[in-house]
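Residue-level structure breakdown
Read off the chains here:
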Number of protein chains: 2
Amino acid sequence: MQLPSIDRAAQEPIRRQIYTQFKVQIASGAMPAGEALPSTRQLAGELSVSRSTVVEAYDMLLSEGYLSSRQGAQTVVADGLVLDAPSLPSEPDPPRKRTPVLADFSTGRPDLEQFPRALWGRLLANAALGLPPEQYGYTGPQGYAPLRQEIVAWLSRSRGLAVNAADVFITAGATHALHILAELLCPAGGRVLMEDPCHSGLFDILSGSNREIVPISVDDHGMQADLLGSAGQVSMIYVTPSHQFPLGGILPASRRAALVRFARERGAFIVEDDYDSEFRYEGAPVAPLYSMDPQRVIYVGTFSKTLFPALRIGFAILPKCLQARWRELRTHYDVQNPPFEQAALAEMLQTRRFDRHIRAMRSRYGRRRQTLLDELTREFGNTWVACGDAAGLHVAIRFLGRRFDDAFQSRCRENGVLAVPLETHCLVKGLHEDTLVLGYGHLEPERIGPAVRQLRLLMDA
Amino acid sequence: MQLPSIDRAAQEPIRRQIYTQFKVQIASGAMPAGEALPSTRQLAGELSVSRSTVVEAYDMLLSEGYLSSRQGAQTVVADGLVLDAPSLPSEPDPPRKRTPVLADFSTGRPDLEQFPRALWGRLLANAALGLPPEQYGYTGPQGYAPLRQEIVAWLSRSRGLAVNAADVFITAGATHALHILAELLCPAGGRVLMEDPCHSGLFDILSGSNREIVPISVDDHGMQADLLGSAGQVSMIYVTPSHQFPLGGILPASRRAALVRFARERGAFIVEDDYDSEFRYEGAPVAPLYSMDPQRVIYVGTFSKTLFPALRIGFAILPKCLQARWRELRTHYDVQNPPFEQAALAEMLQTRRFDRHIRAMRSRYGRRRQTLLDELTREFGNTWVACGDAAGLHVAIRFLGRRFDDAFQSRCRENGVLAVPLETHCLVKGLHEDTLVLGYGHLEPERIGPAVRQLRLLMDA
């Protein structure tokens, strides 16, 4: 045994210094099992510390089982404590080198500068003060009731959708809703039918638990419903009918009807991801597929695009038959959302500040879209075609005669150009090699021209 | 075709009334495929609305594919749109009858009345204003860096733990951490070793994806490490070594060393759930198992008990080898936490308001624990024994010679007494039938006496 060395200048209390140094000696075997410790009086004297300090250190070691003592007997080191080479915490990561970004065409990024942060802060503070104490406790997996009511009202005034608030389940965003739905609809390796191309991240979200992904090819009008016949048995069908990601098509009514008929025949559920259809620049928002069959279609919405991604609020509208299992899964996964963002968002919806924000952003994004198309014309003449409906925060552009391969992607990375080839989002490869997906929502107008020029330089390199 | 009937007093815009009524007629077959619509001029005249209103309604129906029109030809109903009996949204749920709660011994409930909600509101508002716009976007799955730093500092000053902030991963609470860890450590039906008894919800959290649960019996000193030898191959070991739930034992150092040796031999990881050890009423907090082997033990912490459950912030400390896969899983499950609570909590930790809150609550909860034990003595004399260490927000009480069966639980439900038999938390049944788990953290002192009397009345009934 080595006497503990006391550092009186250290932040660590002296009792913990004694405790730690004995513990290290015991774990390393330097103080073997059965070795007697000095009495508390004796050690206090030798270290010139108060006896109560030593008593506290011994009590910690006793209560954690490093020492044992019997009535009237000496305090000794307990049995079975030596561990070979106890491992250490990891070293800090080396700092990463970052390439400066010269052109950022990331998709799904709203303009964060325009979000009214001061208003949001007030709404959060009001929520914290206004929510009763019980809302700080466990309130169940379905979400804050006033927010569910306000979402129902918003869906009615923005899309003419008739929904019961009892069927709305708040989530931590659309990804979270899809993660739960995949487990709910295909618990053990079922088959999931997806659009191809679709967002590249979705494959990872939906393919967990050994699920098989069945791609159905997409054209300018969304999923090709005439290909459904060959799909075999499926449990879940994922679609983006209002604004197909990434090609931008609107699923026509006849394909919608065919899809609903198919789902009914197979006993499958359709998951409708309405990720950005608030931002439609010509005409009213498209009516959701949900209205065709609320018992067969699960509508998933998110506020990541309309407000901001870090909000982490989305929702799913579920038929009654799925609600009990959803509650169980949500409770086991992550229990519930925090209440503050939910209450602040409910207030924003109720006062129509949300609607005003959407209107302002829609006209802003519409102008950016037009600026992007104008700059593409300036740089590329008429050698390109914009795919899909004029909506959302991105557009897929076919550059006639070009081919965006792995070498192009490497050049993008090296040169700080964030532009994703459509092929990245394809399950079946080789059909869309001439197309890039360009996000513009977050780009201030004056950055769009330079970004497009940067892109052309890279394409011509 | 039936002419749309216009309600000029309705909130729904007239263009949408026209659109909806045509859509319903098309879906039901009342307007069959190929039927020609009146011209926009003609319909506007018949309905006495402006022609542009009718044009907008037709445009919506055209863009969604309910109608089709060819250059110069009439607008007609599109093909393939009839759906049998479109289903309706669900009816509202009938209101549930609730039994008034007379005695609430729920576990894991901190006192929400004592939480400084006004301070919290200010911290949230400061966070909303102070966070730069990019923090409103996607910021990655690991969590807010200043919070991770503050958690490291807190673990050092409260438990003497040396941790690198790069190894801390923020979660939406401990349940969320355990859900991710189960998938990470046993992706396809591995075996999970658990304490028995343990929290009843954990079985559901950990047993997903066909995982097999292996119970290891618990005594007054936590998991019985001498039973590990018969456990076979396991991937994940779940323990609560600082304050076993629900029996309250502290795992002694010799069992800790045996557990670490076992995990090393089997290549398994130990998940240490430190859910409430801040509240220890005699002596310093117990040192985490993590310090014995940071490459083999994953430490999971939560702020649900120290602050409030709806906060939804917890964390896991991960060895480097698990971090890349964790990032992937978190991104596919729910992306990230919102930033506001994280920044507010970081501020609370940095200013030590958190430490002050813990100190105040510890002495408050300690008094409540004592009041509960006093009231038990008053009502039950010396016919009961408190299990485990004096810590946390609950205590398991053995009532000598009693038996808490299903009939008792029914009586509890019918009479508004929330008291959970220990058997509810047992995987192997029949060993703890004389024990109740009583939560006291949320109970004001004046409610404890009446609650204990209510319990005795029910037990004697």
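A quick note: this is a predicted structure, and the numbers were derived from the prediction, not measured.

Concerning the overall build of chain A
On a plain count of helices and strands, chain A comes out with 13 helices and 16 strands. Rg of the C-alpha trace for chain A: 30 Å, well past the compact-globule value of 23 Å for 461 residues, more than 25% over. Projected onto its principal axes, the C-alpha coordinates of chain A cover approximately 90 × 55 × 50 Å. Out of the 461 residues in chain A, the part that is buried amounts to 58%. Pairs at least 24 apart in sequence give 73% of the contacts found in chain A among residues at least 6 apart.

Let's talk about the packing of aromatic side chains
This model, assessed by the stated rule, comprises 40 aromatic pairs over all chains. Ring centres 5.0 Å apart and planes at 65° place the aromatic pair F380(A) and F399(A) in the edge-to-face group. Pair noted here: F380(A) is in helix α11 (residues 353-380) and F399(A) is in strand β13 (residues 394-399), with a separation of 19 residues, a long-range link. Taking the relative accessible area as the measure of exposure, F380(A) reaches 6% and is therefore buried. Geometrically, the ring pair formed by Y290(B) and Y299(B) is edge-to-face, given 6.4 Å between the ring centres and 70° between the ring planes. Just as Y290(B) is buried, Y299(B) falls in that class too. Members of the aromatic cluster, joined through ring pairs, are W154(A), Y290(A), Y299(A), F303(A), F315(A) and F354(A). In this structure, R296(A) packs its charged tip against the face of F269(A), placed 5.1 Å from the ring centre.

Some points on the interface of chain A and chain B
One frequently used descriptor of interface size is the decrease in accessible area upon assembly of the parts. Between chain A and chain B, the residue contacts involve 96 residues of the former and 96 residues of the latter. The junction of chain A with chain B conceals about 7600 Å² of combined surface from both sides, 57% of it contributed by carbon and sulfur atoms. Looking only at chain A, the three residues that lose the most surface to chain B are R117(A), Y136(A) and Y138(A), adding up to 9% of its buried area. For the pair chain A and chain B, the interface holds 0 salt bridges. Counting the contacts that link chain A with chain B gives 17 residue pairs in polar contact (both at pLDDT 80 or more). Across the side of chain A that touches chain B, the residue classes tally to 49 nonpolar, 24 polar and 23 charged.

As for the relation of the copies chain A and chain B
Rotating chain A by 180° and moving it 0.0 Å along the rotation axis overlays it on chain B with an RMSD of 0.1 Å. Read as a symmetry element, the transformation amounts to a two-fold axis. Among all C-alpha atoms of chain A, that of A125(A) lies closest to the rotation axis, at 2.7 Å. Both copies contact each other with a shared surface, as 100% of the interface residues of chain A are interface residues in chain B too.

Some details on the packing of helix α2 (residues 40-47) of chain B against helix α3 (residues 51-63) of chain B
All names here are of chain B. Running from N to C, α2 and α3 cross one another at 120°; their axes reach a closest spacing of 8 Å. Classified by the angle their axes make, α2 and α3 are oblique. As for the relative orientation of α2 and α3, their crossing is right-handed in sense. Across the interface between the two elements, T40, R41, L43 and A44 from α2 touch R51, V54, V55 and Y58 from α3. Counted by class, the contact of α2 with α3 contains 5 nonpolar, 1 polar and 2 charged residues.

Re empty space enclosed by the protein
Residues and elements named next belong to chain B. Going through the model one piece at a time under the given rule, you end up with 7 cavities of 30 Å³ or more. Roughly 130 Å³ of volume is contained in the largest cavity. The residue inventory of the lining of the largest cavity, partitioned by class, reads 6 nonpolar, 4 polar and 7 charged. Taken as a whole, the second largest cavity spans an internal volume of roughly 70 Å³. Taken together, Q135, T139, G140, P141, G143, Y144, I170, R330, Q336, N337, P339 and Q342 form the lining of the second largest cavity.

As for the domain arrangement of chain A
Assigned domains within chain A: domain 1 (14-77), domain 2 (103-110 + 356-460) and domain 3 (132-355). A straight line from the C-alpha centre of domain 1 of chain A to that of domain 2 of chain A covers 68 Å.

Notes on α2(B)
Residues spaced three or four apart along an α-helix point in a common direction, a consequence of the helix completing one turn every 3.6 residues. All names here are of chain B. Restricting attention to buried positions, one finds in α2 the residues T40, L43, A44 and L47. What you see down the axis of α2 is that its buried residues fit within an arc of 100°, all on one side. With respect to the buried face of α2, the exposed residues turned more than 90 degrees away are R41 and G45. Along its buried surface, α2 packs onto α1 (14-28) and α3. Trailing α2 by a residue or two, S48 shows a phi angle of about 55°, which is positive.

A look at the pattern of salt bridges
Residues and elements named next belong to chain A. Applying the stated rule across the entire model yields 46 salt bridges over all chains. In this structure, D111 engages R368 in a salt bridge whose closest nitrogen and oxygen atoms are separated by 2.9 Å. Of this pair, D111 sits in the loop between β3 (103-104) and α4 (117-130) while R368 sits in helix α11, and the two are 257 residues apart along the sequence. Take R368: its relative accessible area is 3%, and that puts it in the buried class. Residue D219 pairs with R255 through a salt bridge whose shortest N-O separation is 2.8 Å. Within this pair, whereas D219 is found in strand β6 (residues 212-219), its partner R255 is found in helix α8 (residues 253-266), the two being separated by 36 residues in sequence. It is possible to trace a salt-bridge network through shared partners that takes in E375, R378, E379, R402, R453, R456 and D460.

Quick word on the side chain of H394(A)
Residues and elements named next belong to chain A. Inspection of the secondary structure assignment puts H394 in strand β13. Taking the relative accessible area as the measure of exposure, H394 reaches 3% and is therefore buried. If we ignore the near neighbours within four places in the chain, the residues touching H394 are T107, H243, F245, P246, Y275, D276, R369, V437, L438, G439 and Y440.

Description of unusual backbone geometry
F245(A) connects to P246(A) through a cis peptide bond whose omega is 5°. Looking at the element boundaries, P246(A) is found in the loop between β8 (236-239) and α8. Following D196(B), the chain continues to P197(B) via a peptide bond in cis, the omega torsion being 0°. Along the chain, P197(B) turns up in the loop between β5 (191-196) and α7 (200-206). For R312(A), which is not glycine, the phi dihedral falls at a positive 55°. Mapped onto the elements, R312(A) comes out in the loop between β10 (297-302) and β11 (314-317). The class of R312(A) is buried, set by a relative accessible area of 3%.

Quick notes on the packing of helix α6 (residues 174-185) of chain A against helix α9 (residues 320-333) of chain B
Following both chains from N to C, one finds α6(A) and α9(B) inclined at 95°, their axes separated by 7 Å at the closest point. The angle between α6(A) and α9(B) places the two elements in the roughly perpendicular class. Two secondary-structure elements touch here, α6(A) through T175(A), H176(A) and H179(A) and α9(B) through T331(B), H332(B) and Y333(B).

Cut-offs used in this document
Residues numbered from 1 in each chain as written. Chains lettered and ligands numbered in written order. Predicted model: local features only at pLDDT ≥ 70, side-chain atom pairs only at ≥ 80, totals over all residues. Heavy atoms only, no water. Helix = DSSP H or I, 4+ residues; strand = E, 2+ residues; numbered from the N terminus. Rg over C-alpha atoms; globule rule 2.2 N^0.38 Å. Buried < 20%, exposed > 50% of the residue type's maximum accessible area, 1.4 Å probe, protein only. Contact = heavy atoms within 4.5 Å. Phe/Tyr/Trp six-rings, centres within 6.5 Å; stacked < 30°, edge-to-face > 60°. Lys NZ or Arg CZ within 6 Å of the ring centre and 35° of its normal. Buried area = accessible area lost by both parts, 1.4 Å probe. Salt bridge = Lys/Arg side-chain N within 4 Å of Asp/Glu carboxyl O. Polar contact = N/O pair within 3.5 Å; in protein donor to acceptor, adjacent residues only side chain to side chain. Nonpolar A, V, L, I, M, F, W, Y, C, P; charged D, E, K, R; others polar. Least-squares fit on C-alpha atoms with pLDDT ≥ 70 in both. Axes fitted to C-alpha atoms, helices over the stretch in contact; angles between N-to-C directions. Parallel < 35°, antiparallel > 145°, perpendicular 65-115°, else oblique. Left-handed = near helix turned anticlockwise from the far one by under 90°. 1 Å grid on protein atoms, 1.4 Å probe; cavity = no way out; pocket = protein on both sides within 12 Å on 5 of 7 lines; lining within 4 Å. Points joined across faces, edges and corners; volume = space filled by probe spheres on them. Domains from an automatic or database assignment. Arc of directions from axis to C-beta.

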